[in-house]
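# Fold and contact review
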Amino acid sequence: MNTPQMMRAVEITKPGGPDVLCLTERPVPSPRAGEVVLKLAYAGVNRPDALQRAGAYDPPPTASDLPGLEGAGEVVAVGEGVSGLSVGDQVCALLPGGGYAEYVATPAAHALPIPRGMDLRMAACLPETFFTVWSNVFMRGGLKAGERFLVHGGSSGIGTTAIQLAKAFGARVFTTAGSEEKCRICSELGAERAINYRDEDFVAVMREQGGADVILDMVGGDYIAKNVKTLAPDGRMVHIAFLSGPKAEINFALVMAKRLTITGSTLRPQSDAAKAAIAEELRAKVWPLIEAGTVAPVMDSEYALEDAAKAHAHMESSQHIGKIVLKI
């Protein structure tokens, strides 16, 4: 398949706010061994993109400096050693970077087929959140059927995905959100109880339920000590972000007394092999649920590629519910 030499892309001109995102031209990437090049139709917009834009989340040395960690489109080139994918295949993929562009190179093992019945716009919203939720809640946190699961930020892309997956695998789901409308949507997605953190104390609510067995936290700050109080004996706290800061003072006597596990991860710096292992679990255990209509990404809004700055401003306003995408 013939591809052009140059492509439109959105680059970070300097660390700063959304206005530092500017449309530019870049050479179309070529696939290295084990990689494919995708012609993207849509790319997801995620919090790590904003952190990179602000200068707080550098890409790995071998990754593109362009933001964008997920997308969906068509395979247009295949690198040496790739099997199972061919030019013309439509896929969604977890990207090492470079998603805010017309073309992107990514490890072939991080690409997954478009679920039956789903369009490219919806599929572009799958990789970053589903890789993150599956690896942290189920692989790292070990959530099991019947356990009580609490996810903070339930109306975010991560939150809406976590609610649906935890419910689908038989957990009792609880969440926090910042408005009655957001709480209503979380309940519709499967949360047994959506706690408006502006009006209620989630620690007290969860203690009435016997505590949480697993907590997925992206807030940090003073939530860390509150989470320790909230967890049931043998509970697991999994951190994926720190919107309120990474530092906290906690009572480790409670950690010992309740035999708690405190863990967490970031996805982007993990090895290609680790991400490939997550992809295989998603293909086997989660993709059938998507194709059955049991779980689906929650869509908030769509912006043109050249309006990436507006998409970031909207995301950082925290007014969105679910996923934001760029139409490439």
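Residues numbered from 1 in each chain as written. Predicted model: local features only at pLDDT ≥ 70, side-chain atom pairs only at ≥ 80, totals over all residues. Heavy atoms only, no water.

## Overview of the overall build of the protein chain
We apply this condition: Under the scheme used here, helices are H or I runs from DSSP no shorter than 4 residues and strands are E runs no shorter than 2 residues, and both carry numbers assigned from the N terminus. In this treatment the radius of gyration is a C-alpha quantity, and the globule benchmark scales as 2.2 Å times the residue count to the 0.38 power. A simple rule labels every residue: compare its accessible area, found with a 1.4 Å probe on the protein chains alone, to the largest value its type can have, and call it buried under 20%, exposed over 50%, or partly exposed in between. Whether two residues touch is decided by their heavy atoms; if any such pair falls within 4.5 Å, the residues are in contact. What sets the accessible areas is the Shrake-Rupley method with a 1.4 Å probe; for residues, cover comes only from the shown protein chains. The charge count treats Lys and Arg as positive and Asp and Glu as negative. His and the chain ends do not count. By convention, the charge on Lys lies at NZ, on Arg at CZ, on Asp at CG and on Glu at CD.
If you tally the helices and strands in the protein chain, you get 10 helices and 15 strands. Rg of the C-alpha trace for the protein chain: 20 Å, near the compact-globule value of 20 Å for 328 residues, within the 12% margin. Considering only C-alpha atoms, the protein chain reaches an extent of 60 × 40 × 35 Å along its principal axes. For the protein chain, buried positions account for 54% of its 328 residues. Nonlocal contacts in the protein chain, meaning residues at least 24 apart in sequence, comprise 66% of its contacts between residues at least 6 apart. Put simply, the protein chain shows about 13600 Å² of open surface, and 51% of that area lies on carbon and sulfur atoms. Charged side chains of the protein chain number 32 positive and 37 negative; the gap between the two group centres comes to 5 Å.

## Topic: helix 4 (residues 157–168)
The line we're drawing: Residue count minus one, scaled by 1.5 Å, sets the expected span of a helix.
Taking 1.5 Å per residue, 12 residues should reach 16 Å; helix 4 reaches 17 Å between its end C-alpha atoms and fits that length. Among the residues of helix 4, Gly157, Ile158, Gly159, Thr160, Thr161, Ala162, Ile163, Gln164, Leu165 and Ala166 are the ones counted as buried. Looking one or two places after helix 4, you find glycine 170, whose phi comes out positive at around 90°.

## Things to note about the packing of helix 3 (residues 127–140) against helix 4
Note the cut-off: Simply put, an axis is a line fit to the C-alpha atoms, just over the touching stretch for a helix, and the angle between two N-to-C directions goes from 0 to 180 degrees. Roughly parallel here means an angle under 35 degrees, roughly antiparallel means over 145, roughly perpendicular means 65 to 115, and every remaining angle is called oblique. Crossing handedness is defined as follows: a turn of the near helix away from the far one that is anticlockwise and smaller than a right angle gives a left-handed crossing, while the clockwise case is right-handed.
Following both chains from N to C, one finds helix 3 and helix 4 inclined at 55°, their axes separated by 9 Å at the closest point. Regarding the angle of helix 3 to helix 4, the classification is oblique. Helix 3 and helix 4 meet at a crossing whose hand is right-handed. Within the contact between the two elements, helix 3 uses Thr129, Phe130, Thr132, Val133 and Phe138 and helix 4 uses Gly157, Ile158, Thr161, Ala162, Leu165 and Ala166.

## Points about the side chain of serine 135
Here serine 135 shows up in helix 3. Relative accessible area serves as the criterion here: at 9%, serine 135 is assigned to the buried category.

## What about the sheet that holds strand 12 (residues 231–239)?
To keep things clear, this is the line we draw: The rule for pairing is simple: two strands pair if DSSP sees at least two bridges between them.
Ordered in space as 10-9-8-11-12-13, the 6 strands form an open sheet in which the pairing is parallel. Whereas interior strands pair on both sides, the edge strands pair on one side only; in this sheet they are strand 10 (193–196) and strand 13 (261–264). Pairwise comparison of adjacent strand axes, ignoring direction, gives a mean angle of 20° for this sheet. Here 5 bridges tie strand 11 (residues 212–217) to strand 12, and the two strands are oriented parallel to one another. Along strand 12, the bridge assignment pairs aspartate 217 with histidine 239. Sheet strands in contact with helix 5 (residues 180–189) are strand 9 (172–177) and strand 10, and its direction is about 165° off that of strand 10. Strand contacts of helix 7 (residues 223–230): strand 8 (148–151), strand 11 and strand 12, with the helix running at about 150° to strand 12, the strand carrying the most contacts.

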